[in-house]
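If you want the building blocks of each chain, they are given just below.
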2 protein chains.
Amino acid sequence: MTAHAQRLPSGSVDLASIPTDRTRGFSGAKKEGKQALVDLGPELSELQERLYAHGRKGSARRILLVLQGMDTSGKGGTLRHTVGLVDPQGVRIMSFKAPTEEERAHDFLWRIRRALPGPGIVGVFDRSHYEDVLVPRVHGLVDETELERRYAAINDFERELTEGGTTILKCLLHISPDEQKKRLLARLAQPSKHWKYNPHDVDERARWADYRRAYEIAVERTNTDVAPWYLLPSDSKWYRNLAIGELLLETLRGFDLDWPAADFDVDAERARLTGETPVA
Amino acid sequence: MTAHAQRLPSGSVDLASIPTDRTRGFSGAKKEGKQALVDLGPELSELQERLYAHGRKGSARRILLVLQGMDTSGKGGTLRHTVGLVDPQGVRIMSFKAPTEEERAHDFLWRIRRALPGPGIVGVFDRSHYEDVLVPRVHGLVDETELERRYAAINDFERELTEGGTTILKCLLHISPDEQKKRLLARLAQPSKHWKYNPHDVDERARWADYRRAYEIAVERTNTDVAPWYLLPSDSKWYRNLAIGELLLETLRGFDLDWPAADFDVDAERARLTGETPVA
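In this text the structure is predicted, and so the values were computed from the model without any measurement. (Residues numbered from 1 in each chain as written. Chains lettered and ligands numbered in written order. Predicted model: local features only at pLDDT ≥ 70, side-chain atom pairs only at ≥ 80, totals over all residues. Heavy atoms only, no water.)

### Some remarks on the overall build of chain A
- Looking only at helices and strands, chain A has 11 helices and six strands in total.
- Oriented by its inertia axes, the alpha-carbon framework of chain A measures out at about 75 × 45 × 40 Å.
- Within chain A, the fraction of its 280 residues that count as buried is 55%.
- Of all intrachain contacts in chain A linking residues separated by at least 6 positions in sequence, the fraction that spans at least 24 positions is 80%.
- Accessible surface, chain A as shown: approximately 12,200 Å² in total, 48% of it carbon and sulfur.
- Here chain A contributes 41 positive and 43 negative side-chain charges, whose respective centroids are spaced 5 Å apart. (Helix = DSSP H or I, 4+ residues; strand = E, 2+ residues; numbered from the N terminus. Buried < 20%, exposed > 50% of the residue type's maximum accessible area, 1.4 Å probe, protein only. Contact = heavy atoms within 4.5 Å. Areas by Shrake-Rupley, 256 points an atom, 1.4 Å probe, with all protein chains shown as cover. Lys, Arg positive; Asp, Glu negative; His and termini not counted. Charge placed at Lys NZ, Arg CZ, Asp CG, Glu CD.)

Here it is in structure tokens:
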């Protein structure tokens, strides 16, 4: 029994028809789901360390986990609960806000390239280059020609990354508008969550159908074999966290990495240390 | 009963006279020490989130935790076990290796400035600008005048950072040469740790006394009120982790931060959400 991120099939996507509240592949309740995530920790952590070790020894392999979803869909919660299971040394989290003036002066992929994970690292994007085909489409900031140029640029870019050793996992955190409303109201109800509340999010919420359509088109154009899109039903936070944990774990297992072999003579080094002139 | 990082007094420092194996302030054994660290987690995590929240709301406050120590002194273990207690979103870890050619073409603080934490972030340096007054002194790569220029530059730099809202905690992870030998041999004994073993570390180990003296001088020159040095007896890994956790916690407590107040009208926002035209 494992939670499964759903690999979206290529072709047209109808997000409204995909349930947001399923706990696909996992028959347990919240309590078991939370425990199942914690139980992934040790293996996830060890395999991530192997990836890191190989990165230090010259392997180009790395992971890029892209988190996209409407406000409150749980990008932050995924970072805390799932990504937080592994050694922070091996993780690089980058959050993308609205582009700065400097960033806007460059191509949209410029700031993305500067934020890519190094060898052996699990890079996580909290929002990403996909914002540049979502917000501009919804708000009509660029024309269709430019949007199509961007989808193509994203596909070229992602292909280049995978050829360079990056495994890309693109996750769409799928919530319903009702669930978002509940979460926004919950933020208002707790002073400890007021800092997360932004009235602008409610303006964007009114464009829900436009965002959904923008997501559908973005997924249709960029759901490639080298950089696939996964859908995570995210009304249940614990299920979302578990499913992303499973996806990471499956990816790491697929690398089938042993520890890197010693690139020195182990016995000779032992002899050097045990036979040394006293130090201090 | 809490573990205490020792604030090094200003003036001359004699590291050889300071025990590496004490568990100062904490009378429990390893098991209790490990549990005590885990028990810090919830408060540490909440206070870190408050710091982060204020960073998002315009506060310039942030923390820079500098970890320095001989090889195997446990910079990585501290990152995993202590820094790993808080939300990875609020942490930025930077590891400094030997400078690259590009880095060497700039002043030694150039790469450091690019790695500083943003507002609300707990930045952690695994090695730091202090490497540039340790290695060069031990290996005679620069002359005394240049070393003195660097100490002064560090003090100016650190003062500038604190004036900009950064609280700097400089930690010297203090181990004995015997403990290092044990740890190096342990790395050799386990294939899963071979990747961490570097024969060069044994060459550097032979210069232990030179490094100790280089540390003493560095601490003497840069142990300022605004950017103090703390000494962590680090032969016990659990004690080191706990003491750094306590230091972080005390620092965060000292900020006395409540959650940021809402910068919007809570009731009006609730009314907007509950009275909205159906979305989707």
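### Description of the interface of chain A and chain B
- Taken together, the contacts link 48 residues of chain A with 47 residues of chain B.
- Summed over both partners, the interface of chain A with chain B comes to about 4,600 Å²; 61% of that surface belongs to carbon and sulfur atoms.
- Area buried by chain A at its contact with chain B is led by A:Arg80, A:Trp195 and A:Leu273, which between them contribute 17% of it.
- At the junction of chain A and chain B, the tally comes to 10 salt bridges.
- In this structure, the salt-bridge partner of B:Arg80 is A:Glu49, at a minimum N-O distance of 3.0 Å.
- In this structure, the connection of chain A to chain B is made through 18 residue pairs in polar contact (both at pLDDT 80 or more).
- Sorting the residues of the side of chain A that touches chain B by element identifies α1 (30–56), α2 (75–81), α7 (177–189), α8 (199–205), α9 (208–222) and α11 (266–274) of chain A as the ones contributing at least two each. (Buried area = accessible area lost by both parts, 1.4 Å probe. Salt bridge = Lys/Arg side-chain N within 4 Å of Asp/Glu carboxyl O. Polar contact = N/O pair within 3.5 Å; in protein donor to acceptor, adjacent residues only side chain to side chain.)

### Describing helix α1 (residues 30–56) of chain B
Residues and elements named next belong to chain B.
- Taking 1.5 Å as the rise per residue, α1 with 27 residues should run 39 Å; its terminal C-alpha atoms sit 38 Å apart, in good agreement.
- At Gly 41, α1 shows its maximal kink, close to 35°; a proline, Pro 42, follows between one and four residues later.
- Following α1 by one or two positions, Gly 58 has its phi on the positive side, about 110°. (Expected span 1.5 Å × (residues − 1). Bend = angle between axes of the 7 residues up to and from the residue.)

### Some points on the pairing of strand β6 (residues 229–233) of chain A
Residue and element names in this part refer to chain A.
- With five of five residues buried, β6 is to be regarded as a mostly interior element.
- As paired elements, strand β1 (residues 6–7) and β6 share two bridges and run antiparallel to each other. By the bridge assignment for β6, Arg 7 is matched with Tyr 230.
- Note that strand β5 (residues 166–174) and β6 share five bridges and pair parallel. Counted as the bridge partner of Leu 172 is Leu 231 from β6. (Pairing = 2+ DSSP bridges.)

### As for the relation of the copies chain A and chain B
- With an axial shift of 0.0 Å and an RMSD of 0.0 Å, the rotation relating chain A to chain B amounts to 180°. Taken together, these values place the two copies in the relation of a two-fold axis.
- Interface overlap between copies is the fraction of interface residues in one copy that are interface residues in the other; for chain A against chain B it reaches 98%, indicating a shared surface. (Least-squares fit on C-alpha atoms with pLDDT ≥ 70 in both.)

Read these as spatial facts, not as claims about activity.
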